[in-house]
Amino acid sequence: MTNNPATGVLDRDGLSALIEVLAAQGRTVIGPTVRDGAIVLAEIGSADDLPFGWGSEVEAGRYRLVPRADGAVFAHTAGPQSWKTFLHPQREKLWSAERTPDGALSVTEDDPEQTSYAFLGVRPCDLRAITIQDRVLAGGRYPDRGYRERRTGAFLIAAECTEPGATCFCVSMGGGPAVDGSGFDLALTEVLDQGGHRFLVRVGSEAGRDALDGVPHAPADAETEYAARAAVDAARDRMGRAMPPVDLRTLMGESLEADRWDDVAARCLTCGNCTMVCPTCFCTTTEEVTDLTGDHAERWLRWDSCFDVAFSHLHGGPVRASARSRYRQWLTHKLSTWYEQFGSSGCVGCGRCVTWCPVGIDITEEAAALHDERAGRLRHEKQKETQR
Amino acid sequence: MSVPTLAVFKLASCDGCQLTLLDCEDELLTLAGEVRIAHFLEASSAVTPGPYDLALVEGSVTTPADAERVREIRAQSRHLVTIGACATAGGIQALRNFADVEEFTRAVYARPDYIDVLATSTPVSDHVDVDFELRGCPIDRKQLLEVITAYLAGRKPDIPDHSVCFACKRRGTVCVTVAHGTPCLGPVTHAGCGAICPAYGRGCYGCFGPSGSPNLRALIPLLHRDGMDDRAVERLLRTFNAPAFDKEVRS
Ligand code: SF4
Ligand code: SF4
Ligand code: SF4
Ligand code: SF4
């Protein structure tokens, strides 16, 4: 809330105009919209597509779309998709190869013109998730070209969080409901009070300033700024969940043989939903496609998950055949080994994996149980030590 | 190199899976150029004798005659692929495995002594070695083409055995269990259909049988929570792949 000066206030018409301006720039505007009993992310034609008057009630393994009397548009928590659906799509062609009648092979790298996106309503947790995927997919020695192009071309409109859900725990992952720092073009904060339904706008980039200049808006007033800050500050204290306040890397490292993995493995369906909904999970497998003649071949990327037995298939069989080892891979990667690989946690506390797990397995509860088990173990060892 | 021969056989089944081959309209001509269709009664009564390079077998083994026949088919086929829930799991007719077949024949037929059936309906792999099993009731057209194409290219078919949920999420469907409390077998069912049912707001019926690592015991309490009693759960699991799911319940 603090680093960028507030620069304007939009009303619903202003929001509509903003969508028009971005579409007129040739962008595909993606935002929240109601579909099939949930608020999903999809292409938005106008502000009418946004979920005005809809919210969500979530619990572990449960999501319900609920009407909101206040008409709020950004007062809902994470649906089953994240922005990775667009930046890191579930299936993408890498190259194709042709064999000519004389037997010569030609390989063509797939290099389509990438969609220029505008994302409307990116939560602070999801902004952090995008930054994490940037490091994974666009950084390093072998950046993913398609991702990088889509990412550089994307216009990000953040929406600060004023209504955390029961499965949210971003604060305990070092984040929070406020958008601070950089990494966005515009940041909105929804305000609903006697002053009306409006959005405080902050500018985060040149492109953001240009877009805002193109739409009717009022200058930021102290009242709106105060109300916005108060709503976001209140959200910070209303997180539905929290990670145990311990060093998670050490906890995971010292829990590899814990009994808790058996307990969670008995409940886990190994269905892969958690990794698919997670905004930072990036794993893919390659798909080799040939046609019946064998003269045309293609290589595609498609989302994969460490819950797939084939994911760890090496010569002779899978390395992680048991559910225990697969759940452990997911949790230890998210909370611990991600640091070694990419220098941060792999979890931003968005709560999606908790909400969208059909059996409601809760990453914070599992971490807490592992912590309790380790604490018990350490107590026991200490007792033995003193008895000697 | 001579063109490989393709043969399609049927045991106890509804013919729907082999129909999938005829349903490959756009690819049929190309396929006819890449293989010689030597035995496919649904398409042509002209039959060439074996051996065959690639045999697709539909249907389950329900009679002593079928058990004998499937051994003959195996002996004549270099590469044998079973297609569909009947051939890979016993099919809907495997419901008899949980009942008394003699009692059925007495109740249904005027002359039960004319009926010569086995007490169980079993997958082809219970009788002979099978090179690949393609699941589904019916099988998926694209997957069938993938199996044939992979065979022609001499590679492994890309038929993942993870859950339907993978496909459901890739497709961007809102989970019917989490968002609506609708019972769904997706988390324990083998992918392959492209998660059609949840995309239309229905739970998965398990047409493709158990996934590569199903945890039915963890799912059943959820089916109960969403309004199914024991009988309803049993019925849900006992459709096209009853013996396969039954084995998982017992494991
Ligand atoms: S934790 Fe939940 S969502 Fe993840 S694989 Fe297990 S059952 Fe599926
Ligand atoms: S692990 Fe779960 S809470 Fe953490 S970022 Fe992924 S989906 Fe969100
Ligand atoms: S948790 Fe699993 S699916 Fe997610 S990034 Fe790690 S290995 Fe990949
Ligand atoms: S609707 Fe069914 S198949 Fe789809 S994610 Fe939910 S449980 Fe899995």
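Given the structure is predicted, the values throughout are model-derived calculations rather than measurements.

### A short note on the overall build of chain A
Of the regular secondary structure elements, chain A holds twelve helices and 15 strands. Taken over C-alpha atoms, the radius of gyration comes to 23 Å for chain A, in line with the 21 Å a tight globule of 388 residues would show. With the C-alpha coordinates of chain A rotated into their principal frame, the extents come out at 80 × 70 × 35 Å. Here chain A holds 388 residues, and the buried ones make up 53% of them. The contacts of chain A with a sequence gap of at least 6 include a subset with a gap of at least 24, amounting to 72%.

### As for the overall build of chain B
For chain B, the helix and strand inventory stands at twelve helices and five strands. Relative to its length of 251 residues, chain B is compact, with a C-alpha radius of gyration of 19 Å against a globular reference of 18 Å. By its C-alpha atoms, chain B is 55 × 50 × 30 Å across when sized along the principal axes. As displayed, chain B offers around 11,500 Å² of accessible surface, 53% of which is attributable to carbon and sulfur atoms. Across chain B, the mean location of the 25 positive side-chain charges is 4 Å away from that of the 31 negative side-chain charges.

### Quick notes on the site of ligand 4
Taken together, Asn273 of chain A together with Val164, Cys165, Cys168, Lys169, Cys175, Val176, Thr177, Cys184, Gly186, Pro187 and Pro198 of chain B are the residues near ligand 4. Positioned at a junction of chains, ligand 4 has nearby residues supplied by chains A and B. Secondary structure elements with two or more residues in the shell around ligand 4: helix H7 (164–170) and helix H8 (176–180) of chain B. Here the shell around ligand 4 takes four residues from H7 of chain B, the largest share from any one element. The residue makeup of the shell around ligand 4, split by class, is eight nonpolar, three polar and one charged.

### Concerning the sheet that holds strand E4 (residues 77–83) of chain B
Residue and element names in this part refer to chain B. One open sheet holds the five strands; their spatial order is E2-E1-E3-E4-E5, and the pairing between them is parallel. Each edge of the open sheet carries a strand with a single partner, namely strand E2 (36–40) and strand E5 (132–134). Averaged over neighbouring strand pairs, the angle between their axes works out to 20 degrees when direction is ignored. Here three bridges tie E4 to E5, and the two strands are oriented parallel to one another. When the bridges of E5 are listed, Thr82 appears paired with Glu133. Those strands touched by helix H3 (residues 64–76) are strand E1 (5–10), strand E3 (52–58) and E4, and its axis lies near 130 degrees from that of E4. Packing against the sheet, helix H6 (residues 141–153) makes contact with E3, E4 and E5, and its axis sits at approximately 160 degrees to E3.

### Side note on unusual backbone geometry
Gly50 of chain B connects to Pro51 of chain B through a cis peptide bond whose omega is 0 degrees. By the element assignment, Pro51 of chain B lies in the loop between E2 and E3. With an omega of 0 degrees, the peptide bond between Cys137 of chain B and Pro138 of chain B qualifies as cis. Along the chain, Pro138 of chain B turns up in the loop between E5 and H6. If you check the backbone angles, Asp36 of chain A has positive phi at about 50 degrees while not being a glycine. The phi torsion at Thr270 of chain A lies on the positive side, around 45 degrees, for a residue other than glycine. When you line up the elements, Thr270 of chain A lands in the loop between helix H8 (260–267) and helix H9 (273–277).

### Points about the site of ligand 3
Every residue close to ligand 3 is listed here: Thr275, Cys281, Phe282, Cys283, Ser305, Cys306, Gln329, Trp330, His333 and Trp338 of chain A. Across the shell around ligand 3, the residue classes break down as six nonpolar, four polar and no charged.

### Some remarks on the UniProt feature "domain: NADH:ubiquinone oxidoreductase-like 20kDa subunit" (unreviewed entry) in chain B
On the UniProt side, "domain: NADH:ubiquinone oxidoreductase-like 20kDa subunit" (unreviewed entry) is annotated at positions that read residues 14–150 of chain B here. For residues 14–150 of chain B, the helix share is 39%, the strand share is 16%, and the end-to-end C-alpha distance is 26 Å.

### A word on the interface of chain B and chain A
Listed by partner, the interface residues are 34 residues for chain B and 42 residues for chain A. A combined buried area of about 3,000 Å² lies between chain B and chain A, and 57% of that area is made up of carbon and sulfur atoms. Where chain B packs against chain A, one counts one salt bridge. Taken together, the links from chain B to chain A amount to 16 residue pairs in polar contact (both at pLDDT 80 or more). Elements represented by at least two residues in the side of chain B that touches chain A include exactly helix H2 (25–34), H6, H7, H8 and helix H10 (216–225) of chain B. The element contributing the most residues to the side of chain B that touches chain A is H6 of chain B, with five residues. Its residues assigned to classes, the side of chain B that touches chain A shows 16 nonpolar, ten polar and eight charged.

Cut-offs applied
Residues numbered from 1 in each chain as written. Chains lettered and ligands numbered in written order. Predicted model: local features only at pLDDT ≥ 70, side-chain atom pairs only at ≥ 80, totals over all residues. Heavy atoms only, no water. Helix = DSSP H or I, 4+ residues; strand = E, 2+ residues; numbered from the N terminus. Rg over C-alpha atoms; globule rule 2.2 N^0.38 Å. Buried < 20%, exposed > 50% of the residue type's maximum accessible area, 1.4 Å probe, protein only. Contact = heavy atoms within 4.5 Å. Areas by Shrake-Rupley, 256 points an atom, 1.4 Å probe, with all protein chains shown as cover. Lys, Arg positive; Asp, Glu negative; His and termini not counted. Charge placed at Lys NZ, Arg CZ, Asp CG, Glu CD. Near = heavy atom within 4 Å. Nonpolar A, V, L, I, M, F, W, Y, C, P; charged D, E, K, R; others polar. Pairing = 2+ DSSP bridges. Axes fitted to C-alpha atoms, helices over the stretch in contact; angles between N-to-C directions. UniProt positions renumbered as here; feature names shortened; annotations may be inferred. Buried area = accessible area lost by both parts, 1.4 Å probe. Salt bridge = Lys/Arg side-chain N within 4 Å of Asp/Glu carboxyl O. Polar contact = N/O pair within 3.5 Å; in protein donor to acceptor, adjacent residues only side chain to side chain.

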